[in-house]
Amino acid sequence: MALTLYVDTARWRAHHKHVQEQFPGLVPVCKGNGYGFGHERLSEEATRLGADLLAVGTTYEAARIKDFFSGDLLVLTPYRRGEEPVPLPDRVVRSVSSIDGVYGLVGARVVIEVMSSMKRHGISEQDLPQLHQAIENVRLEGFAIHLPLDRTDGSDAVEEVIGWMDRLRAARLPLHTMFVSHLKADDLARLQQQFPQTRFRARIGTRLWLGDHDATEYRGAVLDVTRVAKGDRFGYRQQKAASDGFLVVVAGGTSHGVGLEAPKALHGVMPRAKGVARAGLATVNRNLSPFVWGGKQRWFAEPPHMQVSILFVPSDAPEPKVGDELVAHLRHTTTQFDRLVDR
């Protein structure tokens with residue numbers, strides 16, 4: 001009995017090909033928990049796509065993924081002097097976002113990140129005059145710009161990239177390759193048309209692996225079902241059942257990422273109102289689980305355990321049976337499955 005990730009493999013891979021066709025020179029991204037699929041599986045899928053370069057989050061990820069992927073690896077976290085050295089092969093390319101970082105990577109293959117409106121990290125326009133000397137002792141693979149997802153000021157992502165292209169060109173720096181992120185296919189085509197001598201390579205993770213929501217589905221198996229009457233005590237904290245129903249023990253707990261939630265950016269009155277309502281219910285121990293039964297998302301009977309969750313299903317709903325599977329609406333990037341089943 002397990003928390004299972006079911007994958008409609010043909011549909012999932014068809015989506016990968018569609019994205020690849022939209023973004024020539026695509027660089028797949030495999031970081032964190034491998035977008036819920038794991039590093040080994042995504043490395044295999046990147047190889048299937050014919051990718052020559054796979055982007056990873058950290059040097060520690062690169063050290064693991066190098067055994068699964070035979071092409072080049074691009075570490076997205078910028079190099080910093082004093083970081084713990086991790087033995088890596090020459091096919092690993094390091095990102096760097098400072099002049100000092102470039103000087104610290106003598107002989108290495110590097111991609112230089114420029115500061116975008118994300119304002120996260122990157123070299124500034126004022127750094128450009130110093131880059132000529134700095135890049136003499138590294139193998140420059142190109143420049144990169146990481147763009148925001150939302151542009152609430154109405155600005156144009158393409159214009160932001162063009163601005164940096166013009167600055168780099170004015171500084172007489174090599175512009176053979178520019179790595180970009182969070183651009184639409186039309187945006188990439190516009191850039192390629194305007195700068196035909198530069199190869200634009202889109203680094204894509206979420207859109208590639210998770211862009212077709214109907215290609216994947218999590219399900220938790222029912223391990224036990226116990227009928228309870230209103231007022232019966234149960235669980236670690238011996239709470240009282242609010243009404244007649246069933247306590248359903250289902251595979252999937254905190255070790256899988258069930259009940260763990262990353263903060264969300266809320267836009268608009270309704271999403272904020274729902275967030276306030278959820279917070280209010282949580283103060284009286286009413287927390288909605290990700291598991292669905294009888295067409296409805298069911299409430300946790302108590303906080304999820306390490307490997308299982310206990311749900312309360314009211315008596316007016318169909319009684320679950322041991323071995324049934326409940327669909328679970330889980331976030332791929334925070335979920336660890338027990339098994340993956342291709343179908």
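As the structure is a prediction and not an experimental result, all values here were calculated from the model.

Peer 1: Teacher, can you tell me more about the overall build of the protein here?
Peer 2: Looking only at helices and strands, the protein features 9 helices and 18 strands. Viewed in the frame of its principal axes, the protein has a C-alpha envelope of about 75 × 45 × 40 Å. By the burial criterion, 47% of the 343 residues in the protein qualify as buried. About 17600 Å² of surface is accessible on the protein, with carbon and sulfur atoms providing 51% of the total. Distance between charge centroids for the protein: 3 Å, based on 43 positive and 40 negative side chains.

Peer 1: What is the right way to read the domain arrangement of the protein from this model?
Peer 2: Much of the literature gives interface size as the accessible area that the parts lose upon coming together. Per the domain assignment, the segments making up the protein are domain 1 (8–210) and domain 2 (216–342). With 9 residues of domain 1 at the interface, the matching set in domain 2 holds 10 residues. Interface of domain 1 and domain 2: buried area, both sides summed, is about 780 Å²; carbon and sulfur atoms make up 53% of it. By the criterion of area lost to domain 2, the three top residues of domain 1 are N33, G36 and F37, representing 45% of everything that side buries. Summed over the shared surface of domain 1 and domain 2, the result is 1 salt bridge. Where R41 meets D342, a salt bridge forms, and the shortest distance between an N and an O atom there is 2.8 Å.

Peer 1: Is there a simple way to think about the packing of aromatic side chains in this case?
Peer 2: Pairs of aromatic rings are described using the distance from one ring centre to the other and the angle between the two planes. According to the stated counting rule, one finds 3 aromatic pairs in the structure shown. Summarising the aromatic geometry, the rings of W12 and W209 are spaced 6.2 Å apart at their centres and angled 45° between planes, so their arrangement reads as tilted. Here W209 lies in helix 8 (residues 206–210) and W12 lies in helix 1 (residues 9–22), a separation of 197 residues in the sequence. Residue W12 is classed as buried on the basis of its relative accessible area, which comes to 0%. A centroid spacing of 6.3 Å and a plane angle of 55° characterise the contact between F195 and F200, whose relative ring orientation is tilted. Here F195 falls in the buried class, since its relative accessible area comes to 6%.

Peer 1: I tried to follow the sheet that holds strand 4 (residues 72–75) on my own but got confused; where do I start?
Peer 2: Hydrogen bonding along the main chain pairs the strands of a sheet, whether they run parallel or antiparallel. If you trace the 8 strands from one edge of the open sheet to the other, you get 2-9-8-7-6-5-4-3, paired in parallel fashion. Each of the sheet's edge strands pairs with one partner strand only, and the pair in question is strand 2 (27–28) and strand 3 (53–56). Looking at chain direction, strand 5 (residues 92–96) and strand 6 (residues 109–114) are connected through 3 bridges and run parallel. Directly across from S95, in strand 6, lies its bridge partner V111.

Peer 1: Please clarify how the side chain of S181 should be interpreted in this entry.
Peer 2: By the element assignment, S181 lies in strand 8 (residues 177–181). What makes S181 buried here is its relative accessible area of 3%. Filtering out sequence-adjacent residues up to four positions away, S181 remains in contact with I145, H146, L147 and R203.

Conventions we followed
- Residues numbered from 1 in each chain as written.
- Predicted model: local features only at pLDDT ≥ 70, side-chain atom pairs only at ≥ 80, totals over all residues.
- Heavy atoms only, no water.
- Helix = DSSP H or I, 4+ residues; strand = E, 2+ residues; numbered from the N terminus.
- Buried < 20%, exposed > 50% of the residue type's maximum accessible area, 1.4 Å probe, protein only.
- Areas by Shrake-Rupley, 256 points an atom, 1.4 Å probe, with all protein chains shown as cover.
- Lys, Arg positive; Asp, Glu negative; His and termini not counted.
- Charge placed at Lys NZ, Arg CZ, Asp CG, Glu CD.
- Domains from an automatic or database assignment.
- Contact = heavy atoms within 4.5 Å.
- Buried area = accessible area lost by both parts, 1.4 Å probe.
- Salt bridge = Lys/Arg side-chain N within 4 Å of Asp/Glu carboxyl O.
- Phe/Tyr/Trp six-rings, centres within 6.5 Å; stacked < 30°, edge-to-face > 60°.
- Pairing = 2+ DSSP bridges.

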